[in-house]
Each structure stands twice: as C-alpha cells, then as structure tokens.
Number of protein chains: 2
Amino acid sequence: MKPTITAFAWVPAFARTYVRDMRPRWAFEETGQDYAVRVLAGDAVKSAAERRHQPFGQVPSYSDGVVDIFESGAICLHIARAAPGLLPDDPGGAGRAEQWVIAALNSVEPFVMAVAVNDIFEADRPWSKDRHPKVIEDLRARLADLSAALGDRTWLDGDTFTVGDLVMVHVLRGALGGPIEAFPNLAAYVARGEARPAYQRALAAHLANFTDP
Amino acid sequence: MKPTITAFAWVPAFARTYVRDMRPRWAFEETGQDYAVRVLAGDAVKSAAERRHQPFGQVPSYSDGVVDIFESGAICLHIARAAPGLLPDDPGGAGRAEQWVIAALNSVEPFVMAVAVNDIFEADRPWSKDRHPKVIEDLRARLADLSAALGDRTWLDGDTFTVGDLVMVHVLRGALGGPIEAFPNLAAYVARGEARPAYQRALAAHLANFTDP
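The structure presented is a predicted model; accordingly, all values stated were derived computationally and were not measured. (Residues numbered from 1 in each chain as written. Chains lettered and ligands numbered in written order. Predicted model: local features only at pLDDT ≥ 70, side-chain atom pairs only at ≥ 80, totals over all residues.)

J.: Just to check I follow, could you spell out the overall build of chain A for this structure?
T.: Each helix and strand in chain A was counted, giving 8 helices and 4 strands. When its helices and strands are written in sequence order, chain A yields β-α-β-α-β-β-α-α-α-α-α-α. Relative to the compact-globule value of 17 Å for 213 residues, chain A shows a C-alpha radius of gyration of 17 Å, a close match. In terms of its C-alpha atoms, chain A occupies a principal-axis envelope of roughly 50 × 45 × 30 Å. Burial statistics for chain A: of 213 residues in total, 44% are counted as buried. Considering only intrachain contacts with a sequence separation of at least 6, the fraction spanning at least 24 residues in chain A is 73%. (Helix = DSSP H or I, 4+ residues; strand = E, 2+ residues; numbered from the N terminus. Rg over C-alpha atoms; globule rule 2.2 N^0.38 Å. Buried ≥ 20, exposed ≤ 12 C-beta atoms within 10 Å, placed from the backbone. Contact = placed C-beta atoms within 7 Å.)

J.: So what exactly am I meant to see when it comes to the confidence of the model for chain A here?
T.: A low pLDDT score tells you not to read the predicted coordinates there in detail. In this model, chain A carries an average pLDDT of 96, and 99% of its residues clear a pLDDT of 70 or more. Interface predicted TM-score (ipTM) for the complex: 0.97; the corresponding pTM is 0.98. (pLDDT = per-residue confidence, 0-100.)

J.: Looking at this structure, how should I read helix 3 (residues 72-82) of chain A?
T.: The α-helix advances 3.6 residues per turn, and as a result positions three or four apart in sequence lie on the same side. The element helix 3 of chain A is extensively covered by neighbouring structure, given that 9 of its 11 residues are classed as buried. Burial in helix 3 of chain A covers these residues: S72, G73, A74, I75, C76, L77, H78, I79 and A80 of chain A.

J.: When you look at the domain arrangement of chain A in this model, what are you seeing that I'm missing?
T.: How big an interface is tends to be stated in terms of the accessible area lost upon association of its parts. All names here are of chain A. Considered domain by domain, chain A is made up of domain 1 (4-86 + 198-208) and domain 2 (91-196). Spacing between the C-alpha centres of domain 1 and domain 2 amounts to 20 Å. Contact residues are listed per partner, giving 13 residues for domain 1 and 14 residues for domain 2. Breaking the side of domain 1 that touches domain 2 down by element, the ones donating at least two residues are helix 1 (22-31), helix 3 and helix 8 (197-208). Taken together, the residues of the side of domain 1 that touches domain 2 break down into 10 nonpolar, 1 polar and 2 charged. (Domains from an automatic or database assignment. Nonpolar A, V, L, I, M, F, W, Y, C, P; charged D, E, K, R; others polar.)

J.: Honestly, the sheet that holds strand 3 (residues 61-63) of chain B in this entry has me stumped. Any pointers?
T.: All names here are of chain B. Taken in spatial order, the 4 strands of this open sheet run 2-1-3-4, and their pairing is mixed. Each edge of the open sheet carries a strand with a single partner, namely strand 2 (36-40) and strand 4 (68-70). Within the sheet, the average angular offset between the axes of one strand and its neighbour, ignoring direction, is 25°. Strand direction decides the pairing type here: strand 1 (residues 4-8) and strand 2, joined by 5 bridges, are parallel. Its bridge partner lying in strand 2, F8 is registered against L40. Where helix 3 (residues 72-82) meets the sheet, it contacts strand 1, strand 3 and strand 4, and its direction lies at approximately 135° from that of strand 4. (Pairing = 2+ DSSP bridges. Axes fitted to C-alpha atoms, helices over the stretch in contact; angles between N-to-C directions.)

Encoded structure:
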C-alpha cells in the first residue's frame, strides 16, 4: 500500500505550517516518494481506533502496510531510509543525520515548546507574564549553542542537506520572530530550508488540506 | 577503537542515576558490547574541545573512531544496531522500537522535565508553587495515554524488550514518586526495567564513576 500519513482536517490559523504532518510531507517531497494523506476530522484523532496508531491523540501517524508507526521524527527517519536524498551513505554521516533529528526533538524543541506553552497555552495563568523572560532566556541559551555548532556552514553537516536539517528547520520555525532573530546564521538557515522546492510543495499540500478558512 | 562514551566525574546526589550516560551504558550491557568511558571533570564538558562532540555542553557523547555522535537516543539506536538484543529483525518491529525511543524523548520526557524545571530549577521563582499543579496535570495526561498504550503487556511491543523500552523506562524513572504512581502498570513496567541484570550492571558502573561522595 502507498505510504500514508494522517493530518488534521482543520487547525486554527496560528497552528498552520507548524503541525507535524509538515515533516513527513517534506521528507516525501525531498526523496521523491509518492504518498497519501488520511485526513482526520473533528475528534477522530482522539478515538480509540486512531489511538491504536497514535496513543497520544496527535498527528501524524504513518502506515505502508508493513511499518505502522507514529512520531514525526521516527516517520521522517523511516522515509529517509526508503529512498536516497536525506541520509548520507557512510555510517558517520548517517549517524550524524540521525543525531540531529534527535537533537532537534529532544534538545531544541522542548525549549521552543516551553515558550509556546507559557505564551499561548498558559497566557491566561497568573504566572505567564512573570515567567516569560525565563523561558526566553532558556531558549536563547540553546540557540546560542546551536548557532555556534552551525557556524558558517550551509547545513548542520556541511554542504549536504539531511533529514537532520529537515526536522531542525521545522522545529526552529517555531522560534521565528523570537530569540532566534539574535542569531543571524540560524535565521538564514531556516530561510534556506523554507526556500527549498520540496518544502514549498509540502507547505502547499499542507495548507490545501484545510478546507475551512 | 573501542566504543567510548563520556560521563561526568561528579554530579549532585539528586541527579545520580538520571544522568543520560545511564542509557548507553544500559544498551551496551543489554547487547553484550564492551565499552570505555571518558570521564569529564569540572567544566571540561563546556570546553570548546568537548563542544565539538556535544554542542550543548552535556553528556554523553559517543565515538568509535568511525561514528562520532551525541544525543543519548541516537547513541542507543546506534548501539542497538551494532549487535543483537535490542532491535527486532523485522521492519515493522524495528520501526516500532525506534518510534518508542523518539516517543520517550519527544512526547514524554519534555513533560517529565517540565516538572523538574518547575519544582527544582525554578523552585526559588515566584511562580513555582502556583504552577506546580499545572505541570503535574500535563504530565499525568501524557502518562494516562502511555498507560493505556501499554495495557497489560510486559513491554511496549509485547514480550520483547527493545531499545524503545530502555529509553522509555529511563525517562519514566524521572516521574517516580510523582503522578506515575497513579498508573500501576507504568510503575510496574519501570520496576521490570530496573530489575534487568543489564540495568543493574549499568547502574553499578554509573555510580562507581563518581569518585566524590
């Protein structure tokens, strides 16, 4: 069966482009693999049937009839292994690509999300304003380390765009307009990622998916 | 060269057993692979030389002379691929094992860490007490989903312990004594993980590493 991912029928405007089905869509486009989307409307993602694919009630999940998995990072790694384009052939390069996928998800995204949690999801809580500088400071510290690691390279591993860049760029998009602007090399890195034709095709498909305004 | 990871010469008592060199140590033990430890004292982990291996100034990093990576999750996956014992042979099972590694790191650990950040690292901030119930509630919601996914299985994928369980058990240890106690199947799952002889060997080596009291 054709590789199939799940996506939401609708999300609020502020969440569009950030929903994680963007990541496998982009990976499919970079590797030239055809894929299908199973669109979930309303509360379907929270149903018992869908939780068998994604226990946390989120998107995306992935199935090709043999491999049936969730977690955007795991899905992107699986897509990257199925066709050339996102994973170097040599063990050292493949290891570093995987390392950057996990660094994006475990060492950077929690700090990006902490800002979103404080400033959006806890905006009405009494601590939100007081705590804002602390979550910004924590994120800035991570971005400073990442900025130093990237240096003046085009991509994290040099000239070759990998699945590690794909996930890192999408994670960093969540910090645009915030502390990332203090690190011009990171902002330019994200812009280079977004400028890739495969990203643009994935973005168009992601947005076309939302039938409501 | 023998696979080598980094570890700290000393950490405060509250951090012992939680430091992430525990994860590759356990993976080496489960797969019967010999390994070496490069112990970093004082601020060495923050030096420019070490940041070339671990840009965020943390442990562990890993090198075997060919593959040179950081991120405990990526290191555990690499160890799991190098010898049998932690990764099923079939593509479906291997995909699920990798999915659970990433779920532990991206869907569970950020919520465990949010409690630690609030209750330990932000304990002296004016919002810490007020915010405590919120971070507990968020973690409890994730644990409820994970508890339902585990059900009455021994391990996340059934009878076979995988690298996904290894990382998930170590992540969940950070929630022991907290909301995890409301989910007896998760608490028993963590206890089963900790009871494994390979875990006990890794733990003994991890603790023996700290030369100071």
